[in-house]
Amino acid sequence: MKVTLVVTAVIIAAASLVASHFLVRDLADEERKRMEIWAEAMHTLSTADGDTDLNLVLKVLEENNTIPVIVTDDKGNVQTYRNVSLKAENAADSMAEASHKAAAMRGQKRTIKVQIGASQNDYLLVCYDDSLLLTRLAYYPYIQLGIVMLFVVIAIFALLTSKKAEQNKVWVGLSKETAHQLGTPISSLMAWTEILRETYPDDELIPEMDKDVKRLQLIADRFSKIGSTPERKKVLLQECLEHVVDYMNRRTSQKVQITYSIDELPQITQPNQLPLPGDEQGAEVTVLVNPQLFEWVFENLCKNAVDAMEGKGSITIHAVPTASGVNIDVTDTGKGIEKKNIKNVFRPGFTTKKRGWGLGLSLAKRIIEDYHHGSIYVLSSQVGVGTTFRIEI
């Protein structure tokens, strides 16, 4: 659709420019012929004797009400002018201004020589310019082109907005339906876990099963929050990152090392970054977030990083409190992102993996930007070296 709109606009603009060019050329030729007739009338008037009928001559001269014309002698002195707008306030300045405009017309070779005597130097020079109608017509196609391009830009913007809104509805509907479908089996699993705990109270596997069931419940809760405004609260950044690192370390290869660090708070703090009691470095840093969704963002980034490293490497999460919030960098030692793909990594459906829906980073962007009013972007990436994502919140 976008290509069709652009091609249509180009065709309309090209056709308009071509048609206007030929029309302006034909009108210019017509005005040239009219000025030749006008110059002939001037010649007749200048050489008339007592027996010459000047009615037709004067009629021709008077009927020119659109074409600017200035008549000069062989020395360039202005003899008369018609349809010329002058800004001077007195006669002397008006003649000087008219002489200047006549010189400009001569420079454009818009002149007709009228011989009035036997000598070659005894003549009048009729200088003329385009009429106001012809001037407006020459600019018209460019104005039309601008209007067409404005229409195309508005149409494309409306199309993209509509498409994005439709995509958002699909993702929100898919998320809520997923949460709804997970609800029933999770409830059943929770009940079965309680039965197993009562039947086998000393079994060491049941607590781990209970953790996984609660994890499923958390995932369903996250999906249910997509599309609605989640409740935010002040939480310790250290706790959020500990949960993420602990969860990912227990579910990834031992060849993958995931660590985090938090710098100390600056002296200036903001409402979403308040000091809390604690002696550990970084323990006092808090953020105003929805913990479930906020941790989900880091889990998505870490999972993508693990896939990019093919099960071997390191992931570093480094938080730097600032005067306006917190900057958190997630760095991996994976295969990196090609430059042509960096601008598409957050687009819904985009993925370089053989398996996957391409929704993880899209949801992460929505969570950070729409729900937490922050930003997430690729800070740096080098093929074969690794990638760093930055979250500003």
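Preceding block: the structure.
This write-up is about the structure you can find in this document. Here the structure is a predicted model, which is why all the values come from computation and not from measurement. (Residues numbered from 1 in each chain as written. Predicted model: local features only at pLDDT ≥ 70, side-chain atom pairs only at ≥ 80, totals over all residues. Heavy atoms only, no water.)

1. Looking at the sheet that holds strand E1 (residues 69–73)
Hydrogen bonds between backbone groups are what pair the strands of a sheet, and the pairing can be parallel or antiparallel. Across the sheet, which stays open at both edges, the 4 strands sit in the order E2-E1-E4-E3 with antiparallel pairing between neighbours. At either margin of the open sheet sits one strand with a lone partner, and together these are strand E2 (78–82) and strand E3 (111–115). With strand direction ignored, the average angle separating the axes of adjacent strands in the sheet is 20°. Where E1 and E2 come together, 4 bridges link them in antiparallel fashion. Of the residues in E2, the one forming a bridge with Ile-70 is Tyr-81. (Pairing = 2+ DSSP bridges. Helix = DSSP H or I, 4+ residues; strand = E, 2+ residues; numbered from the N terminus. Axes fitted to C-alpha atoms, helices over the stretch in contact; angles between N-to-C directions.)

2. Digging into unusual backbone geometry
Positioned with a positive phi, Lys-109 is a non-glycine residue whose angle comes to about 60°. In this fold, Lys-109 is placed in the loop between helix H3 (91–107) and E3. Residues other than glycine seldom take positive phi values, yet His-373 does so here, at roughly 55°. Judged by its relative accessible area of 61%, His-373 is exposed. (Buried < 20%, exposed > 50% of the residue type's maximum accessible area, 1.4 Å probe, protein only.)

3. Brief notes about the pattern of salt bridges
Summed over all chains, the structure comprises 15 salt bridges. Arg-197 is paired through a salt bridge with Glu-194; the nearest N and O atoms lie 2.7 Å apart. Of this pair, Arg-197 and Glu-194 both sit in helix H4 (residues 132–199), separated by 3 residues, roughly a single helical turn. A residue is classified by how much of its surface remains accessible, and Arg-197, at 29% relative accessible area, is partly exposed. Taking the shortest distance from any N to any O, the salt bridge between Asp-210 and Arg-197 comes out at 3.6 Å. (Salt bridge = Lys/Arg side-chain N within 4 Å of Asp/Glu carboxyl O.)

4. Brief notes about the sheet that holds strand E9 (residues 326–332)
Taken in spatial order, the 5 strands line up as E6-E8-E9-E11-E10 in an open sheet, and their pairing is mixed. If you trace the sheet from one side to the other, it starts and ends with strand E6 (256–262) and strand E10 (375–382), each paired once. Neighbour-to-neighbour, the strand axes of the sheet open up by a mean angle of 15°, direction not taken into account. Taken together, the 7 bridges between E6 and strand E8 (residues 313–321) define a ladder with parallel strand orientation. Bridge pairing in E8 links Thr-259 to Thr-316. Seen against the sheet, helix H6 (residues 237–249) touches E6, E8 and E9 and runs at an angle of roughly 175° to E6. Against the sheet, helix H9 (residues 360–371) contacts E10 and strand E11 (386–392), and its axis sits at roughly 135° relative to E10. (Contact = heavy atoms within 4.5 Å.)

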